[in-house]
Amino acid sequence: MYCPKCGTQNNENAKFCSSCGYLLMQATQTSEEQVKTVPPVKEDTSTEEKKKTVNTVQPTDKKSTNVQYFFVMLAALLKPATVLKEDLNKFNQIKSSAIMTLIITAIATIVKLITSMISAVVVKEFSWSAGGYTTSIAWDNLSKLNYVDIIVKNFVIFAAIILAIAIVYYVMGLITKKECNFSRLLGISALAIVPFLICSLVLSPLLSAIWATLAVPVTLVGLIYTVIMIYEGMNSELKLESNQKYYVNLICLSILGIAGYYLYANLITESINDSLENFMDFLK
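Remember, predicted model here, so these are calculated numbers, not experimental data.

(A) The arrangement of the overall build of the protein in detail. Helix and strand counts for the protein stand at 10 helices and 2 strands. Traced from its N-terminal end to its C-terminal end, the protein shows the element sequence α-α-α-α-α-β-β-α-α-α-α-α. Within the protein, the fraction of its 284 residues that count as buried is 28%. Sequence-distant contacts in the protein: of pairs separated by 6 or more residues, those separated by 24 or more amount to 59%. When the accessible surface of the protein is totalled, it reaches about 19600 Å², and 63% of it is carbon and sulfur.

(B) Inspection of the confidence of the model for the protein at higher detail. When pLDDT is averaged along the protein, the result is 76, and 71% of the positions lie at 70 or above. No element of the protein has a lower mean pLDDT than helix H2 (residues 46-56), at 46, and none a higher one than helix H6 (residues 147-175), at 92. This model gives residues 33-38 a pLDDT under 50, and the stretch forms 0 contacts once residues within four places in sequence are excluded.

(C) Region of interest: the environment of Lys112. Structurally, Lys112 is set in helix H5 (residues 94-121). Judged by its relative accessible area of 30%, Lys112 falls in the partly exposed class. Residues Lys112 and Phe155, 43 residues apart in the sequence, show an inter-C-alpha distance of 9.5 Å. Apart from residues lying up to four places away in sequence, Lys112 is in contact with Asn154, Phe158 and Leu201.

(D) Structural context of the packing of helix H7 (residues 182-192) against helix H9 (residues 215-238). Between H7 and H9, whose axes approach to 9 Å, the crossing angle comes to 165°. By the angle between their axes, H7 is roughly antiparallel relative to H9. As for how H7 packs across H9, the hand of that crossing is right-handed. Seen from H7, the contacting residues are Arg184, Leu185, Ile188, Ser189, Leu191 and Ala192; seen from H9, they are Thr226, Met229, Ile230, Gly233, Met234, Glu237 and Leu238. In terms of residue class, the contact of H7 with H9 is built from 8 nonpolar, 3 polar and 2 charged.

(E) Quick look at the packing of aromatic side chains. Under the definition given, this model contains 2 aromatic pairs. On the numbers, 5.6 Å between centres and 85° between planes, the contact of Tyr170 with Phe182 is edge-to-face. Remark: Phe182 occurs in helix H7 and Tyr170 occurs in helix H6; sequence separation between them is 12 residues.

(F) Representation of the pattern of salt bridges within the structure. Under the counting rule described, the total for this entry stands at 2 salt bridges. Across the salt bridge formed by Lys153 and Asp149, the nearest N and O atoms sit 3.7 Å from each other. Here Asp149 and Lys153 lie together in helix H6, a separation of 4 residues that amounts to about one turn. When its relative accessible area of 36% is taken as the criterion, Asp149 is described as partly exposed. Between Arg184 and Glu237 there is a salt bridge; the shortest N-O distance is 2.8 Å. Separated by 53 residues along the polypeptide, Arg184 in helix H7 and Glu237 in helix H9 bring together distant segments of the chain. Note on accessibility: Arg184 and Glu237 belong to one class, buried.

(G) Here's a closer look at H9. The terminal C-alpha atoms of H9 lie 34 Å apart, and with 24 residues this matches the ideal 34 Å at 1.5 Å per residue to within 8%. The set of residues buried in H9 consists of Ala215, Val218, Gly222, Thr226, Met229, Ile230, Gly233, Met234, Asn235, Glu237 and Leu238. Positive phi shows up at Lys239, right after H9, with a value of about 55°.

(H) Examining unusual backbone geometry more closely. Located in the positive-phi region is Lys177, a residue other than glycine, with phi close to 60°. The phi torsion at Ser242 lies on the positive side, around 55°, for a residue other than glycine. Locating Ser242 in the fold gives a position in helix H10 (residues 242-283). Taking the relative accessible area as the measure of exposure, Ser242 reaches 54% and is therefore exposed.

What counts as what
Residue positions are given per chain, counting from 1 as you read along its sequence in written order. Residues qualify for local features only when their pLDDT is at least 70, as the model is predicted, and side-chain atom pairs are given and counted only at 80 or more; totals for whole chains, interfaces and linings, by contrast, use all residues. Heavy atoms throughout the structure, all of them, feed into the side-chain values; hydrogens and water do not. Counting from the N terminus, the helices are the DSSP runs of H or I reaching at least four residues and the strands are the DSSP runs of E reaching at least two. Partly exposed residues are those whose accessible area sits between 20% and 50% of the maximum for their type, while under 20% is buried and over 50% is exposed, using a 1.4 Å probe and protein chains only. Contact definition: two residues touch when any of their heavy atoms are within 4.5 Å. Residue-level accessible areas treat just the shown protein chains as cover; the underlying method is Shrake-Rupley with a 1.4 Å probe. One confidence number per residue, pLDDT, is output by the predictor and ranges from 0 to 100. An axis is simply a line fitted to the C-alpha atoms; with a helix, the fit covers only the stretch in contact. Between two such axes, the angle follows the N-to-C directions and lies from 0 to 180 degrees. Each angle is binned into one of four classes, with values under 35 degrees roughly parallel, values over 145 roughly antiparallel, values of 65 to 115 roughly perpendicular, and all other values oblique. Here a crossing is taken to be left-handed if its near helix is turned anticlockwise relative to the far helix by less than a right angle, and right-handed if that turn runs clockwise. Each residue gets one label: Ala, Val, Leu, Ile, Met, Phe, Trp, Tyr, Cys and Pro are nonpolar, Asp, Glu, Lys and Arg are charged, and the others, such as Gly, are polar. The criterion for an aromatic pair is that two Phe, Tyr or Trp rings (for Trp, the six-membered ring) have centres within 6.5 Å, with stacked assigned to planes under 30 degrees apart, edge-to-face to planes over 60 apart and tilted to the rest. Put simply, a salt bridge is a Lys or Arg side-chain nitrogen that is within 4 Å of an Asp or Glu carboxyl oxygen. Here, expected helix span is obtained from the residue count minus one, scaled by 1.5 Å.

Take a look at the structure:
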């Protein structure tokens, strides 16, 4: 070992320095105590913790993701302004908007199928003896329904309405040179149509069973609610300001209204023609 005072090399077991006589045992004890008092160096566990964190991240549960869509739809009814500004970031990808569109379309189609089945089963006939309409249950009418036609037709109609709203505003955004994200526009369209579907497919049939005149006002309320959500959502997304937001929405809503009117008129005409054909067949 080396003497800490003069630097002379000595034997490992020497007690004194052979050159200056320094007590080497004291130096050895001092060095050992210093080694003991030195705190142990902590290992860098940041890398290991990161690995553990990465390994413990669980994959996204598809069921929880699907449940989120239903909560977003519910929030669109209760607090539409918050949803259209905050939760709309969930529809930055076309996949999320497409899933939302499919969910809303599928639910509306199922509700429409159920109401068609109820309308077929519950038969109202005018009775002279009773002096009014009587209600009877005809379960055999269920076999007469064309379920494929009802499901396919209504699914296409509801999906076309949502897509039409998004496409019209997307084209108008391109014309006015606004930044357009079709996925977000599709998400707005899907959420905005929810009030109209609920009022027209659920509340209107239920209230009409109590009082027939309530069906039209309830449907109008749902339509107005939907128009307001479209107006606010599209203005926020396309960043329309001043007079531009009025003219853009006027043009887009007019196009959608005219197209919807002709579509609705054709459906009514078709249903009337079918009724006349059935009546003529009955007379034959």
